[in-house]
Structure formats: structure tokens, C-alpha cells
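Fold and contact review
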Amino acid sequence: MESFENTPEEMAALELYHQLCNLSPEGERAIHITLRMPNCRYVGDVWLGLEDMKRLADSCMGLGLVRETAEAAAPLPVDDKTVTEKDVTDVIAGFENLLGGE
């Protein structure tokens, strides 16, 4: 028998599919979603109720905002200076001072 291993993308698609399946109770049908891989391979389809569809849309918007915020707050590139033990100690002392420590 031939062994078949899923790619990380396929595993992520299957995880998404199973999470979508668990959203709406049986019988609630406001939208029908079909998931396919980039090569058009079918992953699955699921019905969602209206409230779950709204929550999913809000969650997607929130995910996008979090990603944008994280990208905007990405640390600036640092020159090729080696960090020394004194540098680390100075940063820790600065935080302790800022937080009201000794």
C-alpha cells in the first residue's frame, strides 16, 4: 500500500476545515463555504449559520488588524554590534529603575 503524507499547507487547510465544521449547529444554513487547495484539490465544504458567519468575518478582520499592528511594531534593524553582558545588565537595570525597583 502506498504511503501518503500531507504537506503543511494541506494539514493547515484540514485544520481550518475542521474548525469551521465545529462553528454552527446542524441545520443552520446562511452560507456554504468550500475549501480548495491552490491546485484546486477539494478539502471540504461546510454550512455556517448567520451569527457564526458574522463572528467569523469579525475574527478575520481582527486577525488582519493584529497582523498589521505587529508588522508596524517590528523592531528596527540593528547594526552588527555584538551584545555584551554589560549591555544586558544595563537594560535590565533600566527596566528595574523604570518599574520602581532597586
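Everything here concerns the structure above.
Presented here is an overview of the structure given in this document.

Definitions and limits used
- Residue positions are given per chain, counting from 1 as you read along its sequence in written order.
- Confidence filtering applies because this is a predicted model: local features only for residues at pLDDT of at least 70, side-chain atom pairs given and counted only at 80 or more, and all residues used for totals across whole chains, interfaces and linings.
- By convention in this description, side-chain values take in all heavy atoms of the structure and omit both hydrogens and water.
- Counting from the N terminus, the helices are the DSSP runs of H or I reaching at least four residues and the strands are the DSSP runs of E reaching at least two.
- Here, expected helix span is obtained from the residue count minus one, scaled by 1.5 Å.
- DSSP bridges decide pairing: two strands pair if at least two such bridges lie between them.
- Every definition here rests on a 1 Å grid over the protein atoms only: cavities are sets of points where a 1.4 Å probe fits but cannot get out, pockets are open sets enclosed by protein on both sides within 12 Å along at least five of seven lines, and lining residues have some atom within 4 Å of a point.
- Grid points are joined across faces, edges and corners, and a volume is the space filled by probe spheres set on the points.
- In this classification, the charged set is Asp, Glu, Lys and Arg, the nonpolar set is Ala, Val, Leu, Ile, Met, Phe, Trp, Tyr, Cys and Pro, and all remaining amino acids, among them Gly, are polar.

Side note on helix α3 (residues 85-98)
Here α3 contains 14 residues, and its C-alpha end-to-end distance of 20 Å stays within 8% of the 20 Å for a straight helix at 1.5 Å per residue. A positive backbone phi angle near 85 degrees is found at G100, which sits one or two residues after α3.

Remarks on the pairing of strand β2 (residues 42-48)
The two faces of the sheet receive side chains in turn, since in a regular strand these alternate between them. Relative to β2, strand β1 (residues 31-36) runs antiparallel, the two sharing six bridges. Note on β2: the bridge partner recorded for I33 is V46. Connecting the antiparallel pair β1 and β2 is a turn made up of five residues, with C40 showing a positive phi of about 75 degrees.

Let's talk about the layout of surface pockets
Taken as a whole, the largest pocket holds about 180 Å³ of empty space. Lining the largest pocket, in full, are L20, C21, S24, P25, E26, G27, E28, R29, D45, V46 and W47. Secondary-structure elements contributing two or more residues to the lining of the largest pocket are α1 (8-21) and β2. In terms of residues, the lining of the largest pocket owes the most to one element, β2, which gives three residues. When grouped by side-chain class, the residues that make up the lining of the largest pocket number five nonpolar, two polar and four charged.

Things to note about unusual backbone geometry
In the Ramachandran plot, C40 falls in the positive-phi region, its phi being about 75 degrees despite a non-glycine side chain. Within the secondary structure, C40 sits in the loop between β1 and β2.

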